[in-house]
Amino acid sequence: MDDDLMAFSGGGETAASPMMEMGDPLDTGAATPVSPMAPAADMTADPMSFAGGYTDPFQGMPTSNDAMGGGGGGMAIPEMTKLREWEEKHQQDLDDASRNEQGQKLGRKEAASAELKTWYEARTTTLSKRSETNRTNEKASEGARTEAMAPGANPWERVVELIDSNVKTADVARDTSRMRALLIQLKSNPIVSTAA
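Everything quoted here is computed from the prediction, not taken from an experiment.

## So, the environment of Ile163
Next, step 1: Here Ile163 is to be found in the loop between α2 (155-162) and α3 (177-188).
Next, step 2: The partly exposed category is assigned to Ile163, whose relative accessible area is 28%.
Next, step 3: For the pair Ile163 and Leu183, spaced 20 residues apart in sequence, the C-alpha separation works out to 9.1 Å.
Next, step 4: For Ile163, the contacting residues outside a window of four places in its chain are Arg180 and Leu183.

## Focus on the environment of Thr146
Next, step 1: Within the secondary structure, Thr146 sits in helix α1 (residues 82-149).
Next, step 2: A distance of 2.8 Å separates a polar atom in the side chain of Thr146 from the backbone oxygen of Glu142.

## Some points on a nonpolar patch on the surface
Next, step 1: A surface patch of nonpolar side chains, amounting to about 350 Å² of accessible area, comprises Leu116, Trp119 and Tyr120.
Next, step 2: Considering the arrangement of structural elements, one finds Trp119 in helix α1.

## Comments concerning the packing of aromatic side chains
Next, step 1: Under the criterion given, the structure shown has 1 aromatic pair.
Next, step 2: Centre to centre, the rings of Trp119 and Tyr120 are 5.0 Å apart; their planes meet at 70 degrees, and the pair counts as edge-to-face.
Next, step 3: The exposure class of Trp119 is partly exposed, given its relative accessible area of 47%.

## Overview of the packing of α2 against α3
Next, step 1: The interhelical angle for the contact between α2 and α3, taken along N-to-C directions, is 150 degrees, at an axis separation of 8 Å. Between α2 and α3 the crossing geometry is left-handed. In this structure, α2 uses Trp156, Glu157, Val159 and Val160 to contact α3, whose residues at the interface are Leu183, Ile184, Leu186 and Lys187.
Next, step 2: For the contact of α2 with α3, the residue count by class is 6 nonpolar, no polar and 2 charged.

## Side note on α3
Next, step 1: Over its 12 residues, α3 extends 17 Å from the first C-alpha to the last, a length consistent with the 16 Å expected when each residue adds 1.5 Å.
Next, step 2: Those residues of α3 that fall on the buried side of the exposure criterion are Arg180, Leu183 and Leu186. Down the axis of α3, the sector holding all buried residues measures 125 degrees, keeping them to one side. Facing away from the buried side of α3 by more than 90 degrees, the exposed set consists of Arg178 and Ser188.
Next, step 3: Looking at the packing, one finds that the buried side of α3 touches α2.

Calculation rules
- Residues numbered from 1 in each chain as written.
- Predicted model: local features only at pLDDT ≥ 70, side-chain atom pairs only at ≥ 80, totals over all residues.
- Heavy atoms only, no water.
- Helix = DSSP H or I, 4+ residues; strand = E, 2+ residues; numbered from the N terminus.
- Buried < 20%, exposed > 50% of the residue type's maximum accessible area, 1.4 Å probe, protein only.
- Contact = heavy atoms within 4.5 Å.
- Polar contact = N/O pair within 3.5 Å; in protein donor to acceptor, adjacent residues only side chain to side chain.
- Patch = residues over 30% accessible without salt bridge, like charges linked within 9 Å, V, L, I, M, F, W, Y side chains within 5 Å.
- Areas by Shrake-Rupley, 256 points an atom, 1.4 Å probe, with all protein chains shown as cover.
- Salt bridge = Lys/Arg side-chain N within 4 Å of Asp/Glu carboxyl O.
- Phe/Tyr/Trp six-rings, centres within 6.5 Å; stacked < 30°, edge-to-face > 60°.
- Axes fitted to C-alpha atoms, helices over the stretch in contact; angles between N-to-C directions.
- Left-handed = near helix turned anticlockwise from the far one by under 90°.
- Nonpolar A, V, L, I, M, F, W, Y, C, P; charged D, E, K, R; others polar.
- Expected span 1.5 Å × (residues − 1).
- Arc of directions from axis to C-beta.

Structure follows, in structure tokens:
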């Protein structure tokens, strides 16, 4: 019974195991060592022989598309039907809409590019004007500071120039009339500090 374990599929013969033919690779007494990677001699003839007489259950089935009516191995083109005509017309409409959309996108991109160009030009012009104005104001401010630092000059005149002397109502802003009056008084009668 133990001798016939591999012959369970019939025939009564035991199939040779591929491991049985390898031999012991450490055995130095073997005249011709067998490589573990070499195929077994009986496996080259029939690759399924080690399984004990395996037979393919789909052996009698056709392998080409002849059974499906394909003929040349490819699918036959279906005849023109109303559904097929509608699908082609719909696909053509979708392609036309896609081309129109691409054209509109391109037009919008060109318009946006032109608008950005004009905006950058206007921005550059505005920045150059602003920087020129700032330079002019800085020169005027530097001149006024130099005059205020001159010996014998009244520094309160510079302070009065910096404040807005127009009177605003209390509803619009805070009432700063007392502070304004004080600054104007200091301008006309500056406090003279004596150096000790």
